[in-house]
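Working through the structure, step by step
So the chains spell out like this:
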Amino acid sequence: MTSPEQNRRTAIAFYELMFNACRPREAIERYVGERYIQHNPQVADGKEAFAQYFERMAAEFPGKRVQFVRTVAEGDLVVLHCHQTWPGDHDWAGIDIFRFDARGKIVEHWDVLQVIPTAMAHSNGMF
């Protein structure tokens, strides 16, 4: 069984490799378990669908980046609060939740995304 801190580091490494380095297949090989359950309605279920989606995103949005603003790890779950930059599109605030198996591999993913607006009703910012 891996610790929440180990899972937190794994989630960040996975995200860095698949999103910033644009190597989703390598990220899957290193960090994902036997099955990958996807809850994002824009991405089909499974490892192959995930790889294809992020290969397409890398081609359509070269230079896309994610920055981790805060992270939370508890039990078998890790939450990443992220600032995503998509060149030629909006910047997004995202919350990603990853569930880990007993071997410390990612097996499930949920996310919510919100466009970062140019004007806000407050001065607190999104992060």
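For the structure, check the block above.
Residues numbered from 1 in each chain as written. Predicted model: local features only at pLDDT ≥ 70, side-chain atom pairs only at ≥ 80, totals over all residues. Heavy atoms only, no water.

**Quick word on the overall build of the protein chain**
Along the protein chain, the regular secondary structure elements total three helices and five strands. Its C-alpha atoms give the protein chain a radius of gyration of 15 Å, within 12% of the compact-globule value 14 Å for 127 residues. Reported as C-alpha extents along the three principal axes, the dimensions of the protein chain are approximately 45 × 30 × 25 Å. Every one of the 127 residues in the protein chain was classed for burial, and the buried ones make up 39%. Surface summary for the protein chain: the accessible area is close to 7,000 Å², and the carbon and sulfur share equals 52%. (Helix = DSSP H or I, 4+ residues; strand = E, 2+ residues; numbered from the N terminus. Rg over C-alpha atoms; globule rule 2.2 N^0.38 Å. Buried < 20%, exposed > 50% of the residue type's maximum accessible area, 1.4 Å probe, protein only. Areas by Shrake-Rupley, 256 points an atom, 1.4 Å probe, with all protein chains shown as cover.)

**Regarding the environment of Gly-125**
With respect to the helices, strands and loops of the structure, Gly-125 is situated in the segment after strand E5 (106-115). Sequence separation between Gly-125 and Pro-4 is 121 residues; the distance between their C-alpha atoms is 28 Å.

**A few points about the sheet that holds strand E1 (residues 32-38)**
Either a parallel or an antiparallel arrangement is found when strands of a sheet pair, and the pairing is made through backbone hydrogen bonds. What the five strands build is an open sheet, ordered E1-E5-E4-E3-E2; its pairing is mixed. The two strands at the open ends of the sheet, each matched to only one other strand, are E1 and strand E2 (65-74). For this sheet the average axis-to-axis angle between neighbouring strands, irrespective of direction, equals 25°. On top of the sheet, helix H1 (residues 4-20) reaches E1, E2, strand E3 (77-85), strand E4 (91-100) and E5; it is set at about 160° to E2, its chief contact. (Pairing = 2+ DSSP bridges. Axes fitted to C-alpha atoms, helices over the stretch in contact; angles between N-to-C directions. Contact = heavy atoms within 4.5 Å.)

**Notes on the pattern of salt bridges**
Throughout the structure, instances matching the rule amount to ten salt bridges. We note a salt bridge from Glu-26 to Arg-23, for which the minimum N-O separation is 2.8 Å. What makes Glu-26 partly exposed here is its relative accessible area of 25%. Where Arg-30 meets Glu-26, a salt bridge forms, and the shortest distance between an N and an O atom there is 2.6 Å. Of this pair, Arg-30 and Glu-26 both sit in helix H2 (residues 24-31), four residues apart, roughly one helical turn. The exposure class assigned to Arg-30 is partly exposed, which follows from its relative accessible area of 43%. (Salt bridge = Lys/Arg side-chain N within 4 Å of Asp/Glu carboxyl O.)

**Comments concerning the pairing of E3**
Where E2 meets E3, nine bridges bridge the pair, whose relative direction is antiparallel. Note on E3: the bridge partner recorded for Arg-70 is His-81. Adjacent in sequence and paired antiparallel, E2 and E3 are bridged by two residues, among which Gly-75 carries a positive phi angle near 60°. In sequence, E3 turns back onto E4 through a hairpin of five residues, with Gly-88 there showing a positive phi of about 85°.

**Structural notes on the packing of aromatic side chains**
Aromatic ring pairs are defined here through the distance separating the ring centres and the angle between the ring planes. Evaluation of the coordinates by the stated rule reveals eleven aromatic pairs. The structure contains a cluster of three or more aromatic residues connected by ring pairs, namely Phe-14, Tyr-15, Phe-19, Tyr-36, Phe-50, Tyr-53, Phe-54, Phe-61, Phe-68, Trp-86 and Phe-98. Positioned over the ring face of Phe-19 is Lys-64, at 4.0 Å from the centre of the ring. (Phe/Tyr/Trp six-rings, centres within 6.5 Å; stacked < 30°, edge-to-face > 60°. Lys NZ or Arg CZ within 6 Å of the ring centre and 35° of its normal.)

**A few points about H1**
Its 17 residues give H1 an end-to-end C-alpha distance of 23 Å, which sits within 8% of 24 Å, the value for a rise of 1.5 Å per residue. Residues of H1 that are buried: Asn-7, Thr-10, Ala-11, Ile-12, Phe-14, Tyr-15, Leu-17, Met-18, Phe-19 and Asn-20. Looking one or two residues beyond H1, the residue adopting positive phi is Cys-22, at roughly 60°. (Expected span 1.5 Å × (residues − 1).)

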